[in-house]
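Residues per chain are reported as follows:
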Amino acid sequence: MIRTRFAPSPTGYLHIGGARTALFSWAFARRHGGTFVLRIEDTDVERSTAASTQAILDAMDWLGLDYDEGPFYQMQRLDRYREVCARLIAEGKAYHCYASKEELDEMREQQRAHGEKPRYDGRWRPENARGRTPPAGVQPIVRFRNPDDGVVTWDDLVKGEITFANTELDDLVIMRADGIPTYNFGVVVDDIDMKMTHVIRGDDHVNNTPRQINIYRALGAEVPRFGHVPMILGEDGERLSKRHGAVSVMQYFDDGYLPEAIDNYFARLGWSHGDDEIFSMKQFVEWFDLAHISRSPAKFNPEKLQWLNAHYIKAADDARLAALAEPFLRKDGCDPSQGPALEKVVGLLKERVNTIAELADAAVYFYRRIEPAEALREQHYVTGLGAAIDALRGRLANIDWNRVAISDAMKAVVAERGLKMPKLAMPLRVMVTGEPQSPSIDAVLEVLGRETTLARMDAERLRIPD
Ligand code: GLU
């Protein structure tokens, strides 16, 4: 039975790299009918916040990354880490270290001065500390006794075989003086207790893995398979940062993206299935494998994400789009309950927008009159137009209010007056929408309603030369 996990540290929002890792871990479990576990690694007490935890849970929820177990919180498992730590000490595989920070700084300074790589020199290993009295009043930390020689090798599911010499690794701290475990220790105890079979995570953790494998071995536990996913870079090849656009997943919610667009795009960040660009999560889960995760970093392309978002907006149900657009409209000062049904409005506009924010912006004139810009009026309110507008108004006041009848009325007026259709449709559009572009004007008027249409025509009429 496959078991994977996502183990974020709640020290900020869920960023793109984290979400992509979560998505891969989730998809791997789902693909194999396994179990996906969520674990909150909140042992960095200074930086972890309840708000960040909530932000991560919200983002997972939004992206549909459902977990079968958890969330587990490391801070609720301190007794367990202490118990395992005590066992390692009792077995001589870990020991107390009383070295002060100043002392360690000095040690590293001297190593550097001698051209050596700074590393803990084992001064509190039991055989070196024999006969030494621990300094009074110092709460010791606990260090893992890393093997002195040999190598650690694993067959990484993404990167292939990776080997580290133990001489590269020193005796890492596993328990702080305050009894809180370090990341490398907590993660191993948890991954053992939670029976992880596959650890899929960012490749910023590659250097931690040999240390963790040594702890697994010291505990006599089976080592899971590891897959280290390359990071995500900006288009310019630099590490992804705010400069490249939103880095928080929920920022995309705020900006009006659909979760299926984000999921689809993130799935393509470092993984591929032939040339397929557009696919559902169901399809992704069926296809997902670790063999097709790229070994080189993925590049984040905001335009492509936007293109996918536009695709999913077109495909989305109007009632859903209306519900999503409503808060954006309210922020724009519109009350969508006063005016045409928002569902109809979004149905009309969804072909033309990239985000829900754009959808709401495009919908504003249905709920609030937008005063046309002076330049637009000058361009379209040409001499002689007034009579045509009056004729149209007369017809519009009396027809059955539907798109076909509106279009017929317009056609009748242009025929009568010998005008080209755009010479009537464009100024009419400017008069009622305040904008130079809109969906087909007959469709807009149908949704806008007769009363509003005529009122807006009247409001602009005085500016139109007869
Ligand atoms: N808390 C670690 C992080 O957020 C988890 C790493 C792991 O998956 O082991 O980077």
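Preceding this paragraph is the structure being described.
Residues numbered from 1 in each chain as written. Predicted model: local features only at pLDDT ≥ 70, side-chain atom pairs only at ≥ 80, totals over all residues. Heavy atoms only, no water.

Caption draft 1: Structural context of the sheet that holds strand E5 (residues 141–144). Judged by pairing direction, the sheet is antiparallel, and its 3 strands sit side by side in the order E4-E5-E8 without closing on themselves. The open sheet is flanked by strand E4 (94–97) and strand E8 (173–175), the only strands paired with a single partner. In this sheet, adjacent strand axes meet at a mean angle of 45 degrees when their direction is disregarded. Bridge count for E4 against E5 is 4 bridges, and the pairing is antiparallel. Looking at E5, one finds that Cys 97 is bridged to Ile 141. (Pairing = 2+ DSSP bridges. Helix = DSSP H or I, 4+ residues; strand = E, 2+ residues; numbered from the N terminus. Axes fitted to C-alpha atoms, helices over the stretch in contact; angles between N-to-C directions.)

Caption draft 2: Highlighting unusual backbone geometry. The omega angle of the peptide bond from Gly 70 to Pro 71 is 5 degrees, so this bond is cis rather than trans. For Pro 71, the location among the structural elements is in strand E3 (residues 69–73). Backbone geometry at Lys 195 places phi at a positive 55 degrees, although glycine is not the residue there. Inspection of the secondary structure assignment puts Lys 195 in the loop between helix H6 (183–193) and strand E9 (198–202).

Caption draft 3: Representation of the sheet that holds strand E2 (residues 35–40) within the structure. Read from one edge of the open sheet, 3 strands run E1-E2-E3, paired in parallel fashion. The two strands at the open ends of the sheet, each matched to only one other strand, are strand E1 (3–6) and E3. The average angle at which neighbouring strand axes cross in this sheet is 25 degrees, direction not considered. Sheet topology places E1 next to E2; 4 bridges connect them, and they run parallel. Each bridged residue has a counterpart across the sheet, and for Thr 4 the counterpart in E2 is Phe 36. Along the sheet face, helix H2 (residues 50–63) touches E1, E2 and E3 and points at about 160 degrees away from the line of E2. (Contact = heavy atoms within 4.5 Å.)

Caption draft 4: Expanded view of the layout of surface pockets. The space that makes up the largest pocket amounts to roughly 1,000 Å³. In terms of lining, the largest pocket is formed by 37 residues, of which the most central are Ser 9, His 15, Gly 18, Asp 204 and His 205. Breaking the lining of the largest pocket down by element, the ones donating at least two residues are E1, helix H1 (16–31), H6 and E9. Tallying contributions element by element places H1 first for the lining of the largest pocket, with 5 residues. For the lining of the largest pocket, the per-class residue count stands at 15 nonpolar, 12 polar and 10 charged. Along its surface, the second largest pocket is lined by 14 residues, and Phe 253, Leu 324, Pro 327, Phe 328 and Ile 356 are the ones closest to its centre. Counting only elements with at least two residues in the lining of the second largest pocket, the list comes to helix H8 (249–254) and helix H12 (318–331). Broken down by element, the residue count for the lining of the second largest pocket peaks at 6 residues, all from H12. Broken down by class, the residue content of the lining of the second largest pocket amounts to 10 nonpolar, 1 polar and 3 charged. (1 Å grid on protein atoms, 1.4 Å probe; cavity = no way out; pocket = protein on both sides within 12 Å on 5 of 7 lines; lining within 4 Å. Points joined across faces, edges and corners; volume = space filled by probe spheres on them. Nonpolar A, V, L, I, M, F, W, Y, C, P; charged D, E, K, R; others polar.)

Caption draft 5: Representation of the packing of helix H18 (residues 421–433) against helix H20 (residues 450–461). In the contact formed by H18 and H20, the axes pass within 8 Å of each other and the chain directions differ by 100 degrees. Taken together, the axes of H18 and H20 lie roughly perpendicular to each other. Across the interface between the two elements, Leu 428, Met 431 and Val 432 of H18 pack against Thr 453, Arg 456, Met 457, Glu 460 and Arg 461 of H20. Partitioned by chemical class, the residues of the contact of H18 with H20 number 4 nonpolar, 1 polar and 3 charged. (Parallel < 35°, antiparallel > 145°, perpendicular 65-115°, else oblique.)

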